[in-house]
Amino acid sequence: MSESREAPSLDEPPIDTELIGDSTETALVMKLGTSTREDIDKRTPVLIGHLQQFLAEDLGADEDETTRQLFYAAYRLLDLKTRPAPDATTFAAYMFMREVASLTRRFLRVYTHRSGTGAS
């Protein structure tokens with residue numbers, strides 16, 4: 001008996017795992033001393049968008065405590081009250097960007113494992 005999978009929704013584009021992998025890798029290799037605040041501020045919303053894509057997916061959080069903890073961590077991180085303000089230091093903005101990138105990569109691993117779209 002073959003495993004059946006749901007067809008992707010026509011309303012929502014599929015998650016581009018390669019793009020997200022490249023985007024998070026780029027953010028994680030950025031160095032504080034050589035990155036401008038402008039670079040950080042441009043990259044962070046893109047990373048947040050990637051993370052939000054995963055939050056909209058059914059990744060098995062109801063059955064898996066580790067995945068559920070990822071969702072809790074993402075919601076805490078993305079809470080507007082905990083994000084760095086526009087006048088925050090470059091260091092604070094940089095660390096927030098890295099946290100979003102790191103958490104997004106963890107979601108990427110869960111997603112690729114569950115969907116079979118790549119190496120987990």
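Scroll up for the structure.
So, here's what we can say about the structure. (Residues numbered from 1 in each chain as written. Predicted model: local features only at pLDDT ≥ 70, side-chain atom pairs only at ≥ 80, totals over all residues. Heavy atoms only, no water.)

## Concerning the packing of aromatic side chains
Okay, so step 1: Taken as a whole and judged by the stated rule, the model has 3 aromatic pairs.
Okay, so step 2: Seen from their ring centres, Phe54 and Phe107 are 6.2 Å apart, and the 10 degrees between their planes marks the pair as stacked. Here Phe107 lies in helix H4 (residues 90-115) and Phe54 lies in helix H2 (residues 37-55), a separation of 53 residues in the sequence.
Okay, so step 3: Looking at Phe107, the relative accessible area reads 0%, which means it is buried. (Phe/Tyr/Trp six-rings, centres within 6.5 Å; stacked < 30°, edge-to-face > 60°. Helix = DSSP H or I, 4+ residues; strand = E, 2+ residues; numbered from the N terminus. Buried < 20%, exposed > 50% of the residue type's maximum accessible area, 1.4 Å probe, protein only.)

## Considering the packing of H2 against H4
Helix packing for two helices is described by the angle between their axes and how far apart those axes are.
Okay, so step 1: Taken N-terminus to C-terminus, the directions of H2 and H4 make an angle of 30 degrees; their axes are 9 Å apart at the nearest point. When the interaxial angle is binned, H2 and H4 end up roughly parallel. Seen from above, H2 lies across H4 with left-handed handedness. Mapping the contact onto sequence places Arg37, Ile40, Asp41, Arg43, Thr44, Leu47, Ile48, His50, Leu51, Phe54 and Leu55 in H2 and Thr90, Ala93, Tyr94, Phe96, Met97, Val100, Ala101, Leu103, Thr104, Phe107, Leu108 and Tyr111 in H4.
Okay, so step 2: Counted by class, the contact of H2 with H4 contains 16 nonpolar, 4 polar and 3 charged residues. (Axes fitted to C-alpha atoms, helices over the stretch in contact; angles between N-to-C directions. Parallel < 35°, antiparallel > 145°, perpendicular 65-115°, else oblique. Left-handed = near helix turned anticlockwise from the far one by under 90°. Contact = heavy atoms within 4.5 Å. Nonpolar A, V, L, I, M, F, W, Y, C, P; charged D, E, K, R; others polar.)

## Some remarks on the pattern of salt bridges
Okay, so step 1: As enumerated under the stated definition, the model contains 4 salt bridges in all.
Okay, so step 2: When the shortest N-O distance is used, the salt bridge between Glu38 and Lys42 registers 3.3 Å. In this pair, Glu38 and Lys42 both sit in helix H2, 4 residues apart, roughly one turn of the helix. For the pair shown, Glu38 and Lys42 are each scored as exposed.
Okay, so step 3: Measuring nitrogen to oxygen at the nearest pair gives 2.9 Å for the salt bridge that ties Glu65 to Arg68. With Glu65 and Arg68 both in helix H3 (residues 65-78) and 3 residues apart, this pair spans about one turn of that helix.
Okay, so step 4: Judged by relative accessible area, Arg68 falls into the partly exposed class, the value being 24%. (Salt bridge = Lys/Arg side-chain N within 4 Å of Asp/Glu carboxyl O.)

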